[in-house]
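Structural overview for review
Chain by chain, the residues run as shown.
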Amino acid sequence: MRILGVMKYIYSASSLPNTRIDVADILRGIAIAGIVLLHFIEHLNFYSFPEPTGLDQAVWDTAFFIFGGKMYAIFALLFGLSFFIQNDNQAKKGVDFRPRFLWRMLLLFAWGLLDLCFYNGDILTVYAVCALFVVPFIRSSNAVLIAIAAVMFIQPVEIVCIIRALINPEAAPLAFSGSGEHYMAMFQACADGSFLDVAGAGITHGFISNFQWAISHGRLTQTVCLFAIGILLGRTRMFYDEGDHIRIWKRILVGAVIMFALVNPWAGGWARNIENPAIASPLDAMQTMWRNFSMMWIIVSGVCLLFYRTRARKALMVLSPYGKMSLSNYIGQSIIGSLLFYHWGFGLHTVSGHTMSICIGLLVVILQVWFSTAWLRHHRRGPLEGVWNKLTWIQPFKKSA
């Protein structure tokens, strides 16, 4: 396989151009669409609903099975790909992109703080911090990146928790002080607070709560893992239709299906018969992360094969503008959802069940796709993407690599 064949390669600027990758934009579009649908049935992390019907419960279970954790995983993978492309393009010019990328992540962190004013479950701040773990290794060999991905893949936090519990059966499960208080503060702000209350709770409580959740549920380590894999996919040009890449994608699809069959909790999960919660809880988190990982690869490889080898390419391209404006659409869905479901807006959480909420989410996706397509007919980048790009390239930064 080409990926393994370059393991000993030490990175330098590639000789081939990094042209726009349509299938990557499509995958971003799929990811943001799935996130919108899931966030809307969750009422944007505001778990206040009317009494669910049987259909509501089926919608909830299906949406979480298909989208839960997989869409953010796709985003993380493509985040690493984008980092590679930006770094590689600057390396071709003799420019060290790392200082500017750190500045770019500070800007992303600021976008995340804006998002927290509307949606207390923001992921942008988490991504900005996770990126710091891979910046030092952007010029490392592929073998080093594979090693980082492997260590993060095995969920080291959960493994440490399990070992601790095996040594000391009285050890308590991993928990963060004040997590319940953070959630209740955010819930009350969404239930009866003003916009300023929601924004204040999001920044002061949501920010901390998101990192606590990401650490305790395995998402932080999986995100770093996928960043590293995204860089590797960029180096090996796997998202281009070159060489034997289609054959490799077919093998990845088969491997992902096999992995899913092995890790999916068909009968209640691996931890179902384990009485010690200090072991059961991390084991359940590991299984969930590995299931999400396998399903993400099923989606990614399946879309690549459909795009490059079937007549579905034209239909899939509808989502390309949506993916190109992923930052604008991600923050946009937070603003729209907060306005619709929280008390400071229309307060639809009292009347909108899961079925109605996912239908509203689907309407929002359609409108955002239409807006993205119309906007990009006249602009090179989305509105927030344009601001982010201009701020990224402000001077001064060192020019030499």
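These numbers were taken from a predicted model, which means no experiment stands behind them.

A word on helix H3 (residues 54–67). Look at H3: 20 Å from first C-alpha to last across 14 residues, which is about the 20 Å you get at 1.5 Å a residue. Residues of H3 that are buried make contact with helix H2 (22–41), helix H4 (70–91) and helix H17 (354–376). Of the residues one or two after H3, glycine 69 is the one with positive phi, at around 85°.

As a further point, take the packing of helix H8 (residues 156–167) against helix H13 (residues 277–309). Describing two packed helices takes the angle between their axes plus the distance from one axis to the other. As a packed pair, H8 and H13 sit with axes 9 Å apart at the nearest point and diverge in direction by 160°. Relative to H13, H8 is oriented roughly antiparallel. The way H8 lies across H13 gives a crossing that is left-handed. Contact with H8, carried on its side by Glu158, Ile159, Cys161, Ile162, Ala165 and Leu166, involves Ala278, Ile279, Pro282, Leu283, Ala285 and Met286 of H13 and no other residues of that element. Looking at the contact of H8 with H13, its residues break down into 11 nonpolar, no polar and one charged.

Located in the positive-phi region is leucine 44, a residue other than glycine, with phi close to 55°. If you trace the backbone, leucine 44 turns up in the loop between H2 and H3. Since its relative accessible area comes to 0%, leucine 44 is described here as buried. You will see that arginine 237, though not glycine, has its phi angle at about 55°, which is positive. As for its position among the elements, arginine 237 is in the loop between helix H11 (219–235) and helix H12 (245–263). Its relative accessible area of 9% is what places arginine 237 among the buried residues.

In this section: the confidence of the model for the protein chain. Here the protein chain averages 92 in pLDDT, and 95% of its residues register 70 or above. Put simply, helix H1 (residues 2–5) is where the protein chain has its lowest mean pLDDT, 42, and H17 is where it has its highest, 98. Low pLDDT, under 50, characterises residues 1–9; the stretch is placed with 18 contacts to residues that sit more than four places away or in other chains.

A separate point is the packing of aromatic side chains. The way to describe two aromatic rings as a pair is by their centre distance and the angle between their planes. Going through the model one piece at a time under the given rule, you end up with 27 aromatic pairs. Between phenylalanine 40 and phenylalanine 341 the ring centres are 5.5 Å apart and the planes differ by 80°, which places this aromatic pair in the edge-to-face class. Taken as a pair, phenylalanine 40 in helix H2 and phenylalanine 341 in helix H16 (residues 326–341) lie far apart in primary sequence, 301 residues in all. You'll find phenylalanine 40 and phenylalanine 341 in the same group, each marked buried. The interplanar angle of 15° and the centroid separation of 3.8 Å between the aromatic rings of phenylalanine 83 and phenylalanine 101 together place this pair among those described as stacked. Here phenylalanine 101 lies in helix H5 (residues 98–116) and phenylalanine 83 lies in helix H4, a separation of 18 residues in the sequence. Residue phenylalanine 83 shares its accessibility class with phenylalanine 101, and that shared class is buried. An aromatic cluster is built from Phe79, Phe83, Phe97, Phe101, Tyr127, Phe227 and Trp393, whose rings are joined through pairwise contacts. Above the ring of phenylalanine 307, the side-chain terminus of arginine 313 is found at 4.2 Å from the ring centroid.

Its 22 residues give H4 an end-to-end C-alpha distance of 32 Å, which sits within 8% of 32 Å, the value for a rise of 1.5 Å per residue. Burial analysis of H4 places 18 of its 22 residues in the buried class, which makes it a mostly covered element.

The rules behind these values
- Residues numbered from 1 in each chain as written.
- Predicted model: local features only at pLDDT ≥ 70, side-chain atom pairs only at ≥ 80, totals over all residues.
- Heavy atoms only, no water.
- Helix = DSSP H or I, 4+ residues; strand = E, 2+ residues; numbered from the N terminus.
- Expected span 1.5 Å × (residues − 1).
- Contact = heavy atoms within 4.5 Å.
- Axes fitted to C-alpha atoms, helices over the stretch in contact; angles between N-to-C directions.
- Parallel < 35°, antiparallel > 145°, perpendicular 65-115°, else oblique.
- Left-handed = near helix turned anticlockwise from the far one by under 90°.
- Nonpolar A, V, L, I, M, F, W, Y, C, P; charged D, E, K, R; others polar.
- Buried < 20%, exposed > 50% of the residue type's maximum accessible area, 1.4 Å probe, protein only.
- pLDDT = per-residue confidence, 0-100.
- Phe/Tyr/Trp six-rings, centres within 6.5 Å; stacked < 30°, edge-to-face > 60°.
- Lys NZ or Arg CZ within 6 Å of the ring centre and 35° of its normal.

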